[in-house]
Amino acid sequence: MIVLTSKQMREVEKIAIEKIGIPSIGLMENAGRETALEVKKILEEENLNSVIVISGKGNNGGDGYVVARNLYNWGVDVKVFLTTSLGAISGDAKVNLDAILNMGIYVAEITQREHLKFLEKTIKDSDVIVDAIYGIGLKGEISGITKEIIEMINQANKIVVSVDIPSGLNADTGKIEGCAVRATKTVTMQFLKPGLLVYPGVDYAGEVRVAEIGIPYRLAAEVGYNYNLVTSEDVKLPKRHGNTHKGDYGKALIIAGSKNMTGAAYLCAKSAIKAGCGLVKLAVPQSVQSVIQGGLYEVITYGLEEQNGILSHNALSSVLELIEESDVIAIGPGLTHDRDISQLVYDIVKNTDKPVVLDADALNALVGRLEVIQGKKIILTPHYGEMSRLTGLKIDEIKNNLFEVAKTFIDRYKVTLVLKGAKTVIATKEGSIYINSTGNPGMATAGSGDVLAGMITAFLAQGFSEEKAAIYGIFYHGKAGDIAKEYVGEYGMTAMDILENIPEALKCSL
Ligand SMILES: NC(=O)C1=CN([C@@H]2O[C@H](COP(=O)(O)OP(=O)(O)OC[C@H]3O[C@@H](n4cnc5c(N)ncnc54)[C@H](O)[C@@H]3O)[C@@H](O)[C@H]2O)[C@@H](O)CC1
Ligand SMILES: Nc1ncnc2c1ncn2[C@@H]1O[C@H](COP(=O)(O)OP(=O)(O)O)[C@@H](O)[C@H]1O
Ligand SMILES: [K+]
């Protein structure tokens, strides 16, 4: 599903208005009316009738006046408060402000501290707050009296409907600019915005609805959009042809496991099989082979050279031979971190041009010498901690700038990055960003990432591009977690529960 940054949104609006000739006031009318309809629905459902619209000085505020006008016409008790003086309003917003003044709708300015008490009382007496203070025109941090108004809205414990984006939320990053309105619902105009889809933005936006306001969809392609929300529409699985055999669904080699982490290897290999890979081979340290083979009926295991239950560099030639017979490779889950592993991973990556998924310890192994991945068919699947080790950035810097960090990384290395988190973000070689829409906090459990690595490997093996394998992998991994949640809830969910629901998740596509 298309997602536009604030800059791209402005560009599509400009084309719609200036090149196509769609009247801007018509777009504002649609934006305000769509929001008013949402508010009306809430009022009817909850049997409520009074609304306060709080408008800022730009076009987001203009949408707010249209909301007020429509609600008033429908018999709702509505009042409008401005965070600026009436004289500061111009353009389409002014046209709509004049209209509500002419209709006799109550309008008041909140420009001085002494007005705040009155606003507080009106908020208290209202059922629903419409937040039309700032939209995509917000620049920098909110301060002064507007900050106090936003804090008042948040403390009021009322139903809040935000117009376009919650005021104070950075539409592009999801960061909070000083403070932000915590909405119950956000009605966003025509296209989703990235900031609504990642934390903390997700928590502030509440339920998000995209309202169609009359900007042609094709304009998104015209401005070269590059952000996408991954939804079920984007991950339709191709129907399998009858006349096929296991070789048609790929041979994957997984290099994983060590004496204390046999489970990681198991989860990854089993997930690859469950996600449709034709044949999975699993290379593990010799001494753990019999333990792992026990529960893995469908997987061929290989016991390779090791030292104290950890693969040694002497395993390299055996690994390279196995790679010769494989279509795709996954390296990492449960390998542990030591010097030999580090050199082994480095040499494997250096010596192959086949698609490779690098997860967990394989990522740690390449810290400081990532140049070896440059331009290869590689998918990296770091969580924030691993990304921090790879880039030298602090975890908070990564969390607060997911898109920027991901883009900088792929600009440099030209690979596919799956940056795992509560909202997993993919950055592709071509510069596209994908944000996942599935998953839940029950998946924050040991081994969950090993399952994902196995699933991405399976899609690669079945002939998907790196980009597609990553997209399908994150979506169906989250979907399997969502199905698991229905049965076991979030607290008790384990990686095995996710794994066992992979087939059910994939069935949703058919
Ligand atoms: N342009 C269009 O065609 C349409 C725009 N629409 C609405 O218009 C919004 C964008 O409108 P605008 O571009 O007027 O921007 P906004 O209404 O989001 O806010 C911009 C105003 O706030 C001020 N401002 C920004 N950051 C500030 C800060 N940190 N502290 C204090 N003041 C600050 C700016 O100086 C400007 O006056 C959208 O989010 C959407 O709601 C809709 O009406 C649909 C059509
Ligand atoms: N709160 C959450 N909401 C949705 N998905 C989550 C959440 N927490 C974790 N996940 C997902 O679970 C997986 C955890 O992976 P990872 O941290 O590598 O686990 P492990 O190393 O234990 O296997 C990732 O795919 C991540 O996106
Ligand atoms: K808003």
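Residues numbered from 1 in each chain as written. Chains lettered and ligands numbered in written order. Predicted model: local features only at pLDDT ≥ 70, side-chain atom pairs only at ≥ 80, totals over all residues. Heavy atoms only, no water.

**Quick look at the packing of helix H3 (residues 59-73) against helix H4 (residues 91-102)**
Here's step 1: It is at 8 Å that the axes of H3 and H4 come closest, and there the two elements cross at 30°. When the axis of H3 is compared with that of H4, the two are roughly parallel. Once H3 is placed against H4, the crossing between them reads as left-handed. In this structure, H3 contributes Asn 59, Gly 62, Tyr 65, Val 66 and Arg 69 to the contact, and H4 contributes Ala 93, Asn 96, Leu 97, Ala 99 and Ile 100. (Axes fitted to C-alpha atoms, helices over the stretch in contact; angles between N-to-C directions. Helix = DSSP H or I, 4+ residues; strand = E, 2+ residues; numbered from the N terminus. Parallel < 35°, antiparallel > 145°, perpendicular 65-115°, else oblique. Left-handed = near helix turned anticlockwise from the far one by under 90°. Contact = heavy atoms within 4.5 Å.)

**Concerning the domain arrangement of the protein**
Here's step 1: One can read the domain layout of the protein as domain 1 (2-224) and domain 2 (234-507).
Here's step 2: The centre of domain 1, based on its C-alpha atoms, is set 42 Å off from the matching centre of domain 2.
Here's step 3: Contact residues are listed per partner, giving eight residues for domain 1 and eight residues for domain 2.
Here's step 4: Our count for the domain 1 to domain 2 interface comes out at zero salt bridges.
Here's step 5: For the pair domain 1 and domain 2, the interface holds zero residue pairs in polar contact (both at pLDDT 80 or more).
Here's step 6: Here the side of domain 1 that touches domain 2 is composed, by residue class, of five nonpolar, one polar and two charged. (Domains from an automatic or database assignment. Salt bridge = Lys/Arg side-chain N within 4 Å of Asp/Glu carboxyl O. Polar contact = N/O pair within 3.5 Å; in protein donor to acceptor, adjacent residues only side chain to side chain. Nonpolar A, V, L, I, M, F, W, Y, C, P; charged D, E, K, R; others polar.)

**Re the coordination of the potassium ion (ligand 3)**
Here's step 1: Distances from the potassium ion (ligand 3) to its protein donors, namely Asn 60 (OD1), Asp 131 (O), Tyr 134 (O), Val 163 (O), Ile 165 (O) and Ser 167 (OG), fall within the range 2.6 to 3.1 Å.
Here's step 2: Seen from the potassium ion (ligand 3), its six donor atoms lie at angles of 67 to 175°, and the figure they make is irregular.
Here's step 3: Taken in sequence order, the residues that donate to the potassium ion (ligand 3) follow the motif N-x70-D-x2-Y-x28-V-x1-I-x1-S. Residue Tyr 134 is located in the loop between strand S5 (128-132) and helix H6 (144-155), and its partner Val 163 is located in strand S6 (residues 159-163); the two are separated by 29 residues in the primary sequence.
Here's step 4: Tyr 134 sits in the partly exposed class, given a relative accessible area of 27%. (Donors = N, O, S within 2.8 Å, 3.2 Å for Na, K, Ca; no water. Tetrahedral: all angles 85-135°; square planar, octahedral: opposite > 155°, others 65-115°. Buried < 20%, exposed > 50% of the residue type's maximum accessible area, 1.4 Å probe, protein only.)

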